[in-house]
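Secondary and tertiary structure notes
Residues per chain are reported as follows:
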Amino acid sequence: MLNAIYKLGKLYLEKEGLNEFEVLLDNKNIGAVLSIDLIEDDFGNFSYDKVSQEDYDTHKKMLYLYKKGSSRGANISPSSLITGIEKTFNSKFLKWFENNQKNNEYFKKCYDFFEDNKDNIISDLNEVYESIDVGKSNVLLTLKIFKNNQYSYLGDIDLFKESFIETSFEKFYKKGSKEIKGESCCFLCDEHKTVYGLVASALGFAFSTPEKLGNVPGNHILNQWKLLPICADCALYLAAGKNFIEKYLSFKEFGLSYYVIPTFLFDSKEGFNKLYSILKSFEKDETQNSKDEIAIENKLFRLVKKIDDIVEFKFLFYESSNSAFNILAYVESVIPSWLNKLYDAQYEISDFDFFNESNLKNIFGNKHTGNVIDLINNNEKFYKCSENDWFKKILRDFTFSFSKKIYIDLVVDVISNKKLDYKFLMNRVMDKIRSNWRNNEGYALKISVLKSLMLLVLMFKLNLIKGVESMDIDGEFSLESLLNSPDKKASFLLGALTKRLLNVQYRELGSNPFYNKLWGLSLDQKKIKKLYPMVINKLREYNIAYLELEENISKNLINSESNWKLNRDETSYFFVLGFTMPYFEKNNKKEDDLNE
């Protein structure tokens, strides 16, 4: 993974024509720059000139030398984003000189001058700051010094530049007062030079903690550099690679944050140029359609549609809070053709007649509009999905509350083209459905059943299910293709018959007392056989019979008597499938059927 990010960083810097040190800088939506302008005479004495203002110029990043530091302390250089003139001047700008005055006489003279003249400077800063309008953009406070008939920015002055680079590199080797570095061959470029031990962890790519015993040679943190030695140049290329990924290939969807890291199989430069060109075109589209959230989140889908298998993708799932960056999962070698197949299958299934408006009207009533994706999004505040990328959303609904790790593991398995355990998946599905059932959430129950059905169809279609006989889904989906054994048919048909009984009870009594006799939807073969005569007898009390349906249940119960393969979750699932999905007898429809 590190090698892929390192190579990506080199290609990115070359393509953009960037200096490798530019990756150390921050550039956070800055619209204007306020500069405190000083005059330095030939004897090194300062006098105050003015506060000047200019539009922010990205080509001057190396001159401004802006990089955020501690939220409570100074930045890496005097340059600071203004959050309030007096506060920023004192706690960021002046604080930097106070912290560094002991390191250099020049910085001490600057500190003394600013301390003596701060009231006048702050007054001028306020006056200029109030006169500019940059909308929602940030304003940067920096310093220029006039000497030898020209103004010099911080990046023009060697003392500031050297201090900036040295301080920026400290995170790669310094932990408290300890310096974790040595002389060795760099892990990435294989050249013998000074190497640092904290580069990977500083960039958020560490899989171990150096403080833990057994993770580093000799069980001493000072030996961490021996485990993963990376030189200064390669650290910058790694940082550039991470910047590229965060800018173009960083995703947040369905409660997941992840990077997609490309590796090129043949000509790296040609592959990168093609990838770069596609991503830049997306960047323009996203600026024009900034309110279209689904279009932006579909960037990976659009990318794999335009790029072939000259590239592989690595997926890195993570969570971050404050300064912590934790890697949750990592997936190697995912090719675009598999992702294309995954996307295409989702689109095809969402377009099946069974999941479209006409059939949903049979389930939810004639007032319903839209397909299953519309149904999901209309009942979801945060995690909207599209017709070509809904599997993560549905997996989340059935597994996230049970275990975030298992949810991520299942997503990783699908992306990696690995099979999911059918019984475990069915258990998670039924846990959600039983919750809907217990809470008498009829509408939510139907949605859960539809989502589970879509997910199962997808898993079967892509051959991603293990632990059960595979089901061939080629072309349109129908319930008949799923009900491919007598035990499934018996459970499904009894669910349909039970629903008819509850409808009759509600019409006659205004309630469904039989609902409480279904064992909380925890059914097996024994309970199905017991339930069948109970439903028949109760229907007869209302002088109602569904002869064809009852006959089909009897036939399938007999045929499955000695060959019942469904466990408790599966039996319950096919029962609730029949209970919620529309089922119509072919002949002898009675008025009671039509009144449902």
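Presented here is an overview of the structure given in this document. (Residues numbered from 1 in each chain as written. Predicted model: local features only at pLDDT ≥ 70, side-chain atom pairs only at ≥ 80, totals over all residues. Heavy atoms only, no water.)

1. Things to note about the overall build of the protein chain
- Along the backbone of the protein chain there are 24 helices and 16 strands.
- Taken over the C-alpha trace, the protein chain has a radius of gyration of 33 Å; the compact-globule value for 596 residues is 25 Å, which it surpasses by more than 25%.
- Referenced to the eigenvectors of the C-alpha coordinate spread, the extents of the protein chain come out at roughly 110 × 55 × 45 Å.
- Across the 596 residues of the protein chain, 52% fall into the buried class.
- If you take every contact in the protein chain between residues at least 6 apart in sequence, the share linking residues at least 24 apart comes to 69%.
- Of the accessible surface of the protein chain, which amounts to about 28,300 Å², a share of 45% is contributed by carbon and sulfur atoms. (Helix = DSSP H or I, 4+ residues; strand = E, 2+ residues; numbered from the N terminus. Rg over C-alpha atoms; globule rule 2.2 N^0.38 Å. Buried < 20%, exposed > 50% of the residue type's maximum accessible area, 1.4 Å probe, protein only. Contact = heavy atoms within 4.5 Å. Areas by Shrake-Rupley, 256 points an atom, 1.4 Å probe, with all protein chains shown as cover.)

2. With respect to the environment of leucine 159
- Within the secondary structure layout, leucine 159 lies in helix 5 (residues 158-169).
- What makes leucine 159 partly exposed here is its relative accessible area of 32%.
- Sequence separation between leucine 159 and valine 414 is 255 residues, and the spatial gap between their C-alpha atoms is 53 Å.
- Those residues in contact with leucine 159 that lie beyond four places of it in its chain are Asn104, Tyr106 and Phe107.

3. Focus on the pairing of strand 4 (residues 138-147)
- Strand 4 sits mainly inside the fold: seven of its 10 residues count as buried.
- In this structure, strand 1 (residues 30-40) lies alongside strand 4, joined through nine bridges in parallel fashion. Across the sheet, residue valine 33 finds its bridge partner in strand 4, namely leucine 140.
- Two strands pair when backbone bridges link them, and strand 3 (residues 80-81) and strand 4 are joined in this way by two bridges, in the antiparallel orientation. (Pairing = 2+ DSSP bridges.)

4. Re helix 1 (residues 2-16)
- Across its 15 residues, helix 1 extends 21 Å between first and last C-alpha, which sits within 8% of the 21 Å expected from 1.5 Å per residue.
- Two residues or fewer past helix 1, glycine 17 is found with a positive phi of approximately 65°. (Expected span 1.5 Å × (residues − 1).)

5. Some points on the nonpolar core
- Judged by nonpolar contacts, the single largest core of 201 residues is most densely connected at Ile36, Phe114, Phe315 and Phe317.
- It is helix 18 (residues 442-461) that provides the largest number of residues to this core, a total of 12 residues.
- Dropping the residues within four chain positions of it, isoleucine 36 is found in contact with Tyr48, Lys50, Phe89, Phe93, Phe114, Ile121, Leu125, Leu141, Thr142, Leu143 and Lys144.
- With eight residues, the next largest nonpolar core counts Ile30, Tyr56, Tyr66 and Leu81 among its residues. (Core = buried A, V, L, I, M, F, W, Y, C linked by side-chain atoms within 4.5 Å.)

6. Topic: the sheet that holds strand 12 (residues 256-264)
- The antiparallel open sheet is built from four strands, whose spatial order is 11-12-13-14. For this open sheet the edge positions go to strand 11 (250-253) and strand 14 (324-334), each flanked by a neighbour on one side alone. In this sheet, adjacent strand axes meet at a mean angle of 25° when their direction is disregarded.
- With eight bridges joining them, strand 12 and strand 13 (residues 311-321) adopt antiparallel strand pairing. (Axes fitted to C-alpha atoms, helices over the stretch in contact; angles between N-to-C directions.)

7. So, empty space enclosed by the protein
- In the structure shown here, the tally under the stated rule is three cavities of 30 Å³ or more.
- Each pocket or cavity is described by its volume, and for the largest cavity that value is around 80 Å³.
- If you trace the largest cavity, you find 13 residues lining it, with Leu300, Phe315, Tyr343, Lys392 and Ile415 closest to the centre.
- Contributions of two or more residues to the lining of the largest cavity are made by strand 13, helix 12 (336-350), helix 15 (391-399) and helix 16 (404-415).
- Ranked by residue count, the leading element in the lining of the largest cavity is helix 12, at three residues.
- Its residues assigned to classes, the lining of the largest cavity shows 10 nonpolar, no polar and three charged.
- Considering only enclosed or pocket space, the second largest cavity measures out at about 60 Å³ in volume. (1 Å grid on protein atoms, 1.4 Å probe; cavity = no way out; pocket = protein on both sides within 12 Å on 5 of 7 lines; lining within 4 Å. Points joined across faces, edges and corners; volume = space filled by probe spheres on them. Nonpolar A, V, L, I, M, F, W, Y, C, P; charged D, E, K, R; others polar.)

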